[in-house]
Amino acid sequence: AGSTACCSRYGAARDRLLGGGMVNWSGKRRGRGAGGESSSGEQHKGSYGADGGGGYKGGGQWKAHGWWGQAPQQKPSTDAAVPSSSSAAAPAPAPAPAPAAVTSSEAVDAVVARVRAVAAVLGLKGRILAFGSQISGFVTATSDCDLTYMPPEEEEDPEEEGLGQKTKTESEVGILQRFATEMPKHGFHDIITVFQANVPLVKAVDPSGVEVDLCVGNELGHHNSKLIAAYCRLDRRVSKVGKMVKQWAKAWELVGSSDGHLNSYAFTLLTIYFLMNTRPSVVPNLQDAACNCESVNVKDQRWGQEAPWDCKFWEMVELIPRSMNSESTHTLLHGFFKFYAEFNWSRDVVSIRLGLTPSATASKFKLYSPLNNKEQWYIEDPFDLRHNLASQCTSEGRRRILEKMRETLEVLDAAMHEGLPRLWASHCSRAPTRFLLKCRIHTDKVSASEYADALRAVRNVGPFTVRFPAAQRSREVIDAFAVFGSDSDRRRVHRLNETYIGEWQLRLLPCSTWALEDALRLGDYEELEVTPLEEPSEAASEQREPATVDPSVEVRNGLRVAQTEEEVQVLIQRAEALGLSHEADLGGHKLRQMTGKASARARARTDSDSAGAWPRTNAVAAGETDPDEGPE
């Protein structure tokens, strides 16, 4: 109750929101006039009330964009109370409660508890944190449960006391391998390991049927989810519109960066950015509201070196008045598609961090993009300011998303007169009938029959189709596809991920039917109808059936045939986690050999370039040959 720091933080945020001089809809800077009255209040008469500010005379983010004029009221908390004032305005209406999640918080808590039990058995002392749609408020019927294991801070080794030596940090792959080995003993099943990835993870199905994705050290994801959850608590329409947008994107198979589309989180950010740009705004900018608060720095190594990102935002949303925007969820949904169908993607950046601020445009030059062209889309992560969530969105993916947005806008235009809920349900009722996996294949190293035989050895899978690429001179590595009749069949076969056919490692990815259609337009594919073996031979079962293969066998087999340094490094980490010291040593020896050969080739190229430069230089000096005219 006597917390000076909290009062100061509250006052700064209130001033920022109610009188901070934000930007109005005409793009002009708003500020406090004489006596705190808005210098541009007249401009907003009719939209925000006779005084131009919804009943409160003062500039700022709330008033300029249609928020109730009252200052935030005292938070009923035992941690720190905000002192009341006799001249304070009446309390604003309380935000409506957010709708119940499809998967209850109790179910998520139960999943987290089971994973924590696994960590306890393994002697891992870090934290298990949930993130993603299950805690952000954007959960749908198909949402999985995203978890991250946060290792404890490094401590000094007591045996090296006084020398400043830190205890050895276990690798992410090593931690996840231990989880993957132990989880079946706790009722988890359908374990899939994805270690050859920028973010290694283990996929599993909880005994309750919830699909779980477990990674290591993703604290940024946890803070991202808390930010989204705060927006959902502020106004229940945030989660309602967001869920409908996700429903639409999934129904039309537009979710998935590996297919050249946007991931689910990108659609979430699109939703919030749009709700900032309605007239009046549905939500304020919670990050900007906390600009005078203490930083919440989170260290991340996504870009190859440790970088701190400020993850602060205004969390006490119950202090924020309700928006004056009273539009229905369906009206806002229509506005979403209209907004992005007309959005200037080549010029503007989607940034909820800078929405409603004077610097409302983020710099594209700081955001990662493999193709820096004017058509590239830019969707800024609110905390990791180098992360462009649209960096993998291809030209075909962008075209398809905009095409479906415009088609949907036409449907919604008609629905405004015929009843939107019914037409919307019909428009998004596309249930998938095909479930695909894709895998990059070297056509000189793996044949169509070898690929089909590898997949058909998995037990309890119905008939499926393989689409295998014809050899092409211009491309040696091409996507092959497997098409299944059910998601459960696809998941069983997906367990083959990172196993080997000869010397080629299978890296299987779930994908959309659009990915197959795009591939068929680019080249010829052979079609094979595959009937799985009813009773696989003992040899086939040992090599291909991941439900029965000891991970130690996978590691040993992998170390014999692995062809890249990245594969060997991951296999060494898995061997160390499994206690296979001999295999880890063999992997280290193989890795040194591969590194030595690579260094030798690099030196040979350097020597060759140097040797070839001298004769040309000397010849030109002697006046015998001009390099521009010779056979070079």
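Heads up: the structure comes first, above all this text.
A few points on the structure. Per chain, residue numbering runs from 1 following the sequence as it is written. Given that the model is predicted, a residue must reach a pLDDT of at least 70 before its local features are reported, and side-chain atom pairs must reach 80 or more before they are shown or counted; all residues, however, enter totals for whole chains, interfaces and linings. Calculated side-chain values reflect all of the structure's heavy atoms, with hydrogen atoms and water omitted.

**Section: the overall build of the protein**
Part 1 of the argument: When its secondary structure is counted, the protein shows 19 helices and 14 strands.
Part 2 of the argument: Pairs at least 24 residues apart make up 67% of the contacts formed inside the protein by residues separated by at least 6 positions.
Part 3 of the argument: When the accessible surface of the protein is split by element, carbon and sulfur atoms take 49% of a total near 30,600 Å². In this description a helix means any DSSP run of H or I spanning at least four residues, a strand means any run of E spanning at least two, and both kinds are numbered starting from the N terminus. Any pair of residues with heavy atoms lying within 4.5 Å of one another is described as a contacting pair. Using a 1.4 Å probe, the Shrake-Rupley method yields the accessible areas, and only the shown protein chains count as cover for residues.

**Side note on the sheet that holds strand 13 (residues 508-511)**
Part 1 of the argument: Paired strands, as defined in this entry, are two strands with at least two bridges between them according to DSSP. Within the open sheet, the five strands sit side by side as 13-8-10-9-14. Their pairing is antiparallel. At either end of the open sheet lies a strand with only one pairing partner, and these are strand 13 and strand 14 (525-530). Across this sheet, the average inter-strand angle for adjacent strands is 25°, counted without regard to direction.
Part 2 of the argument: Pairing between strand 9 (residues 464-469) and strand 14: six bridges, direction antiparallel. Each residue of the ladder has a partner; that of Val-466, found in strand 14, is Leu-528.
Part 3 of the argument: Sheet contacts for helix 14 (residues 487-494): strand 8 (435-442), strand 10 (477-484) and strand 13; angle to strand 8, the most-contacted strand, approximately 30°. Interaxial angles span 0 to 180 degrees and are taken between N-to-C directions of axes, which are lines fitted to C-alpha atoms, for helices over the stretch in contact.

**Focus: the environment of Glu-396**
Part 1 of the argument: Tracing the chain through its elements places Glu-396 in helix 11 (residues 395-418).
Part 2 of the argument: Taking the C-alpha atoms as reference, Glu-396 lies 8.4 Å from Asp-518; in sequence the two are 122 residues apart.
Part 3 of the argument: The residues touching Glu-396, leaving out its near neighbours within four places in the chain, are Asp-518 and Arg-521.
Part 4 of the argument: Within 3.5 Å is the distance limit for a polar contact, defined as a pair of N or O atoms, with the added protein rule that one can donate a hydrogen and the other accept it, and that residues adjacent in sequence qualify only through two side-chain atoms. A polar contact is formed between the side chain of Glu-396 and the side chain of Arg-399, at a distance of 2.4 Å.

**Some remarks on the side chain of Thr-513**
Part 1 of the argument: Within the element layout of this structure, Thr-513 appears in helix 15 (residues 513-522).
Part 2 of the argument: Thr-513 sits in the buried class, given a relative accessible area of 11%.
Part 3 of the argument: The residues contacting Thr-513, other than those within four sequence positions of it, are Glu-253, Arg-434 and Leu-436. For every residue, the accessible area obtained with a 1.4 Å probe (protein chains only) is divided by the maximum for its type, and the residue is called buried under 20%, exposed over 50%, and partly exposed between those limits.

**Re the environment of Gln-134**
Part 1 of the argument: Along the polypeptide, Gln-134 turns up in helix 4 (residues 133-136).
Part 2 of the argument: Here Gln-134 falls in the buried class, since its relative accessible area comes to 8%.
Part 3 of the argument: Between the alpha carbons of Gln-134 and Ala-107 there is a distance of 10.0 Å; along the sequence they are 27 residues apart.
Part 4 of the argument: Polar side-chain contacts of Gln-134 include one of 3.3 Å to the backbone oxygen of Asp-144.

**Concerning the nonpolar core**
Part 1 of the argument: The biggest cluster of nonpolar side chains holds 70 residues, and the ones touching the most others in it are Trp-248, Leu-262, Leu-286, Tyr-340 and Ile-379.
Part 2 of the argument: Mapped onto this core, the elements with two or more residues apiece are helix 6 (219-234), helix 7 (236-251), helix 8 (264-276), helix 9 (286-289), helix 10 (329-341), helix 11 and helix 12 (420-427).
Part 3 of the argument: Here this core gets nine residues from one element, more than from any other, and that element is helix 8.
Part 4 of the argument: Not counting residues within four places of it along the chain, the set of residues in contact with Tyr-340 comprises Leu-270, Tyr-273, Phe-274, Trp-345, Val-350, Leu-402 and Met-405.
Part 5 of the argument: In terms of nonpolar packing, the next biggest core, distinct from the first, is built from 29 residues, Ile-128, Ala-130, Val-173 and Val-210 among them. Definition of nonpolar core: a set of buried residues of the types Ala, Val, Leu, Ile, Met, Phe, Trp, Tyr and Cys, connected through side-chain atoms within 4.5 Å.

**With respect to the environment of Val-202**
Part 1 of the argument: Looking at the element boundaries, Val-202 is found in strand 4 (residues 201-205).
Part 2 of the argument: Look at Val-202 and you get buried, because its relative accessible area is 1%.
Part 3 of the argument: Taking the C-alpha atoms as reference points, Val-202 and Val-216, 14 residues apart in sequence, are found 9.7 Å from one another.
Part 4 of the argument: Apart from residues lying up to four places away in sequence, Val-202 is in contact with Leu-176, Ala-180, Met-183, Ile-191, Ile-192, Thr-193, Phe-195, Val-212, Asp-213 and Leu-214.

**Details of the packing of helix 8 against helix 10**
Part 1 of the argument: The geometry of helix 8 relative to helix 10 is characterised by a closest axis approach of 10 Å and an angle of 100° between their N-to-C directions. The angle between helix 8 and helix 10 falls in the class roughly perpendicular. Residues Leu-270, Thr-271, Tyr-273, Phe-274 and Leu-275 of helix 8 form the contact with helix 10, whose participating residues are Leu-332, Gly-335, Phe-336, Phe-339 and Tyr-340.
Part 2 of the argument: Each residue is assigned to one class: nonpolar for Ala, Val, Leu, Ile, Met, Phe, Trp, Tyr, Cys and Pro, charged for Asp, Glu, Lys and Arg, and polar for all the others, Gly among them. Of the residues contributing to the contact of helix 8 with helix 10, the split by class is eight nonpolar, two polar and no charged. Any angle that is under 35 degrees is reported as roughly parallel, and any over 145 degrees as roughly antiparallel; angles of 65 to 115 degrees are reported as roughly perpendicular and all others as oblique.

**Some remarks on unusual backbone geometry**
Part 1 of the argument: Here the bond from Arg-279 into Pro-280 is cis, since omega is -5°, no more than 30 degrees from zero.
Part 2 of the argument: Relative to the assigned elements, Pro-280 resides in the loop between helix 8 and helix 9.
Part 3 of the argument: For Asp-190, which is not glycine, the phi dihedral falls at a positive 50°.
Part 4 of the argument: In the Ramachandran plot, Glu-253 falls in the positive-phi region, its phi being about 55° despite a non-glycine side chain.
Part 5 of the argument: Turning to its location among the elements, Glu-253 is positioned in the loop between helix 7 and helix 8.

**Let's talk about the pattern of salt bridges**
Oppositely charged side chains can form a pair if their charged atoms are brought close together.
Part 1 of the argument: The salt bridge criterion pairs a side-chain nitrogen of Lys or Arg with a carboxyl oxygen of Asp or Glu, the two atoms within 4 Å. Within this structure, the stated rule accounts for 28 salt bridges.
Part 2 of the argument: For Asp-518, the salt bridge identified is with Arg-521, shortest N-O distance 2.3 Å. Within this pair, Asp-518 and its partner Arg-521 are both found in helix 15, separated by three residues, close to a single helical turn.
Part 3 of the argument: Overall, the relative accessible area of 16% leaves Asp-518 in the buried class.
Part 4 of the argument: A salt bridge links Arg-556 to Glu-583; the nearest nitrogen and oxygen atoms lie 2.7 Å apart.

**Brief notes about the packing of aromatic side chains**
Part 1 of the argument: Two rings from Phe, Tyr or Trp (for Trp, the six-membered ring) form a pair when their centres sit within 6.5 Å of each other. Planes less than 30 degrees apart are called stacked, planes more than 60 degrees apart edge-to-face, and all others tilted. Taken as a whole and assessed by the stated rule, the structure comprises 19 aromatic pairs.
Part 2 of the argument: Arranged with centres 5.0 Å apart and planes meeting at 65°, the rings of Phe-336 and Tyr-340 form a pair that is edge-to-face. In this pair, Phe-336 and Tyr-340 both sit in helix 10, four residues apart, roughly one turn of the helix.
Part 3 of the argument: Owing to a relative accessible area of 0%, Tyr-340 belongs among the buried residues under this scheme.

**Concerning the pairing of strand 2 (residues 145-150)**
Part 1 of the argument: Most of strand 2 is tucked away: six of the six residues are buried.
Part 2 of the argument: The alternating pattern of strand 2 places Cys-145, Leu-147 and Tyr-149 and Asp-146, Thr-148 and Met-150 on opposite faces, both of which are buried.
Part 3 of the argument: As judged from the five bridges shared by strand 1 (residues 127-131) and strand 2, these two strands associate in the antiparallel manner. The partner of Leu-129 across the bridge, within strand 2, is Thr-148.
Part 4 of the argument: Sheet analysis places strand 2 next to strand 5 (residues 211-216), joined by five bridges and oriented parallel. Residue pairing for strand 5: Asp-146 is matched across the bridge by Asp-213.

**Some thoughts on helix 12**
Part 1 of the argument: The set of residues buried in helix 12 consists of Leu-420, Leu-423, Trp-424 and His-427. The buried residues of helix 12 occupy one face: seen down the axis, they fall within an arc of 100°. Along helix 12, the residues that are exposed and aim more than 90 degrees away from the buried face are Pro-421 and Arg-422. By construction, the arc corresponds to the directions joining the helix axis to the C-beta atoms.

**Comments concerning the packing of helix 5 (residues 172-182) against helix 18 (residues 565-577)**
Part 1 of the argument: Running from amino to carboxyl end, helix 5 crosses helix 18 at an angle of 50°, the nearest separation of the two axes being 8 Å. Classified by the angle between their axes, helix 5 and helix 18 sit oblique to one another. In the packing of helix 5 onto helix 18, the handedness of the crossing is right-handed. Side by side, helix 5 and helix 18 meet where Val-173, Gly-174, Gln-177 and Arg-178 of the first sit next to Val-570, Gln-573, Arg-574 and Ala-577 of the second. Two helices cross in a left-handed way if the nearer one is turned anticlockwise from the farther one by less than a right angle. They cross in a right-handed way if the turn is clockwise.

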